[in-house]
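# Summary of the model geometry
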Amino acid sequence: MSKDKLAILGGNKVISAPFKRYNPIGTEELEAAKAVIESGVLSQFLGAWHADFYGGPKVREFERMCEAYFGVRHAVTVNSWTSGLIAAVGAVGIEPGDEVIVTPWTMCASATAILHWNAIPVFADIEPNTFCLDPAAVEANITPYTKAIMAVDILGHSANMDNLLAVARKHGLKVISDTAQAPGTYYKGKMTGTMADVGGYSLNYHKHIHTGEGGILVTDDDQIAERLRLIRNHAEAVVGPKGEENLVNMIGHNFRLGEIESAIGIEQLKKLKNFVAGRQRAAELLTAGLQGLPGLRTPLVEPGCTHAYYMYPLVLDVEMLGLSRAVIMKALKAEGVEGLAAGYANIHLLPMYQKKIAYGSHGFPWSSDICRREVSYAHGICPVAEELHEKTYIGFAMCMHELDEKEVGLMVEAFKKVWTNLESLRSHFAR
Ligand SMILES: *Cc1c(COP(=O)(O)O)cnc(C)c1O
């Protein structure tokens, strides 16, 4: 049997051992957590107007460190980035029935954060190169009810912030950055996530750095920062004693991050730069190795940008290949390539949006008076995002792996083997 015979057709596979999993947690985090446990104070927050309304020593230390790291006036930690997104939408003053333009190519929480304030998500299409919101599509979706843009720096690459901010300025809109997947990256010399009215990062286990669960909000706006802190910590019980005049969206939550998580976060943030650099090194090697394979587009990084490679995005030219993505995926998986995902779910196609039921059973908010026009979530409203999901996009979970040179080499070998045998794939798996 030839060693070149594809594994999917009975040959030997290229990769026989699983790739090394990524684990950013080390002894520094262990020591930091231990010290907090030994102190006996695992959270020092008070949900009342008191010095501890702003949290305990580790929360505050972590926040000051984030401010220095991201170069912002204010960092506000929260117990998840989903909580952070909800706080952000509330803090910029989004009202029931307001429309917020968001990308369909994201994790569901970017859009549900909008619904949490009974506002209406409007989905605009993405750019084919960055997979982030297309500023022209955003502008085409603006109505008299549009109040904000939720820009997501998806897969690890910044959205087109210059053009999105220009659209926002022209139409008087707020901008929120969901930078969960691109912490520590740059857009034209600025840190991704810091250019919007409010932005931030996830500290969930699946992200570059984590504290188990957690999130960091960043803003240069003093008022937004204080509103974030109120929403985080039972605002309605605090605004009176604090003497706040502005009661817009002052229903508070408990979005507080604990002391253990904050202590771990301090250690994680010190490592972020190296972790991102590790992903970049592996991605650049992989991209160099995959150059010249016909019908395979490796990641594009816009001038002046860096990529965190939360996912390593590949796009197939299925017409040119004469093969479906499913067959290519199966062949690669058979060679032992793990961590591949076909497509990236389009949020507007989830059942909740298709049926237009977010709260209760009567179609709230879309069926109610606060929703002032018919908003479409039909298949076809975001053709670029939909085609990538349905036909052409393959993502490799770069963030979940700690690929060394040898592993990247094996991955390249597996792709090359599949690409050398496209003809035999075509003969076995006619489209
Ligand atoms: C992970 C993620 C979130 C949610 O963050 P959590 O900390 O898990 O709540 C939101 N948006 C995007 C783009 C994400 O990748």
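The structure this text deals with has already been given above.
Here goes a summary of the coordinates provided. Because the structure is a prediction, the values reported are computed rather than measured.

### Thoughts on the overall build of the chain
- When helices and strands are counted, the chain shows 15 helices and 13 strands.
- Rg of the C-alpha trace for the chain: 23 Å, near the compact-globule value of 22 Å for 431 residues, within the 12% margin.
- With the C-alpha coordinates of the chain rotated into their principal frame, the extents come out at 80 × 55 × 40 Å.
- Within the chain, the fraction of its 431 residues that count as buried is 57%.
- Within the chain, counting contacts between residues at least 6 apart in sequence, those at least 24 apart form 71% of the total.

### Side note on the sheet that holds strand E13 (residues 393–396)
- The sheet built from 4 strands is open, its strands ordered E10-E11-E13-E12 with antiparallel pairing. On the outer flanks of this sheet lie strand E10 (296–297) and strand E12 (340–342), each paired with one strand and no other.
- Here E12 runs beside E13; their pairing, made up of 3 bridges, is antiparallel. If you follow Ala 342 over to E13, its bridge partner there is Ile 394.
- With respect to the sheet, helix H9 (residues 259–290) is in contact with E10 and strand E11 (312–316), its orientation differing from that of E11 by roughly 20°.
- Sitting on the sheet, helix H11 (residues 325–334) touches E11, E12 and E13, and the angle it makes with E12 is about 165°.

### Some words on the packing of helix H7 (residues 222–232) against helix H8 (residues 235–242)
- The geometry of H7 relative to H8 is characterised by a closest axis approach of 7 Å and an angle of 125° between their N-to-C directions. In terms of orientation, H7 lies oblique with respect to H8. Each of Glu 226, Leu 230 and Ile 231 in H7 lies in contact with H8, whose residues at this interface are Ala 235, Val 238, Val 239 and Lys 242.
- Class assignment of the residues belonging to the contact of H7 with H8 gives a composition of 5 nonpolar, no polar and 2 charged.

### Notes on the pairing of strand E2 (residues 99–102)
- Both faces of E2 are covered, namely the face carrying Glu 99 and Ile 101 and the face carrying Val 100 and Val 102.
- When E2 meets strand E3 (residues 120–123), the two strands line up parallel, connected through 4 bridges. Considered in E3, the bridge of Val 100 is made with Pro 121.
- As for the winding sense of the linkage, the β-α-β connection from E2 through helix H4 (residues 109–115) to E3 is right-handed.
- Taken together, the 4 bridges between E2 and strand E4 (residues 146–152) define a ladder with parallel strand orientation. By the bridge assignment for E4, Val 102 is matched with Met 150.

### Quick word on H9
- The first and last C-alpha atoms of H9 sit 44 Å apart over 32 residues, in line with the 46 Å expected at 1.5 Å per residue.
- The sharpest bend along H9 reaches about 45° and sits at Lys 271.

### Some details on the sheet that holds strand E5 (residues 174–178)
- Within the open sheet, the 7 strands sit side by side as E1-E9-E8-E5-E4-E2-E3. Their pairing is mixed. The sheet is open, and its two borders are formed by strand E1 (74–78) and E3, each paired with just one other strand. Looking at each pair of strands side by side, their axes are set apart by 25° on average, direction ignored.
- The sheet contact formed by strand E8 (residues 198–202) and strand E9 (residues 215–219) spans 4 bridges and is antiparallel. Pairing of Tyr 201 across the sheet is with Ile 216, part of E9.
- Against the sheet, helix H2 (residues 57–70) makes contact with E1, E8 and E9, and its axis sits at roughly 130° relative to E1, the strand it touches most.

### A look at the site of the ligand
- In the region of the ligand, 15 residues are neighbours, and Thr 82, Asp 178, Gln 181, Ser 202 and Lys 207 sit closest.
- Within the side chain of Ser 202, one N or O atom sits 2.7 Å away from an oxygen atom of the ligand.
- For the ligand, whose unbound accessible area comes to 380 Å², protein coverage reaches 93%.
- Among the elements that make up the shell around the ligand, the one with the highest residue count is helix H3 (residues 81–91) (3 residues).

### Quick notes on the environment of Leu 228
- You can see Leu 228 is positioned in helix H7.
- Leu 228 sits in the buried class, given a relative accessible area of 0%.
- Taking the C-alpha atoms as reference points, Leu 228 and Glu 213, 15 residues apart in sequence, are found 18 Å from one another.
- The contacts of Leu 228, once residues within four sequence positions are left out, are Val 76, Ala 87, Ala 88, Ala 91, Val 198, Leu 217 and Thr 219.

### Observations concerning the pattern of salt bridges
- Summed over the entire model, instances satisfying the criterion amount to 22 salt bridges.
- Measuring nitrogen to oxygen at the nearest pair gives 2.8 Å for the salt bridge that ties Arg 373 to Glu 99. You can see Arg 373 sitting in the loop between helix H12 (351–355) and helix H13 (383–392) and its partner Glu 99 sitting in strand E2, a full 274 residues away along the chain.
- What makes Arg 373 partly exposed here is its relative accessible area of 28%.
- On the basis of relative accessible area, Glu 99 is assigned to the buried category, the value being 2%.
- Two residues, Glu 244 and Lys 242, come together in a salt bridge whose shortest N-O distance is 2.6 Å.
- Under the relative-accessibility criterion, Glu 244 is labelled partly exposed at 25%.
- Residues participating in the shared-partner salt-bridge network are Glu 63, Arg 64, Glu 67 and Arg 232.

### What to know about the environment of Pro 365
- Examined against the element boundaries, Pro 365 turns out to sit in the loop between H12 and H13.
- Spatially, the C-alpha atoms of Pro 365 and Ala 119 are 7.7 Å apart, while their sequence positions differ by 246 residues.
- Once residues within four sequence positions are removed from consideration, Pro 365 is found in contact with Leu 115, Asn 118, Ala 119, Ile 120, Ala 358, Ile 370 and Cys 371.

Rules and cut-offs
Residues numbered from 1 in each chain as written. Predicted model: local features only at pLDDT ≥ 70, side-chain atom pairs only at ≥ 80, totals over all residues. Heavy atoms only, no water. Helix = DSSP H or I, 4+ residues; strand = E, 2+ residues; numbered from the N terminus. Rg over C-alpha atoms; globule rule 2.2 N^0.38 Å. Buried < 20%, exposed > 50% of the residue type's maximum accessible area, 1.4 Å probe, protein only. Contact = heavy atoms within 4.5 Å. Pairing = 2+ DSSP bridges. Axes fitted to C-alpha atoms, helices over the stretch in contact; angles between N-to-C directions. Parallel < 35°, antiparallel > 145°, perpendicular 65-115°, else oblique. Nonpolar A, V, L, I, M, F, W, Y, C, P; charged D, E, K, R; others polar. Right-handed = clockwise from strand over helix to strand, strands pointing away. Expected span 1.5 Å × (residues − 1). Bend = angle between axes of the 7 residues up to and from the residue. Near = heavy atom within 4 Å. Polar contact = N/O pair within 3.5 Å; in protein donor to acceptor, adjacent residues only side chain to side chain. Areas by Shrake-Rupley, 256 points an atom, 1.4 Å probe, with all protein chains shown as cover. Salt bridge = Lys/Arg side-chain N within 4 Å of Asp/Glu carboxyl O.

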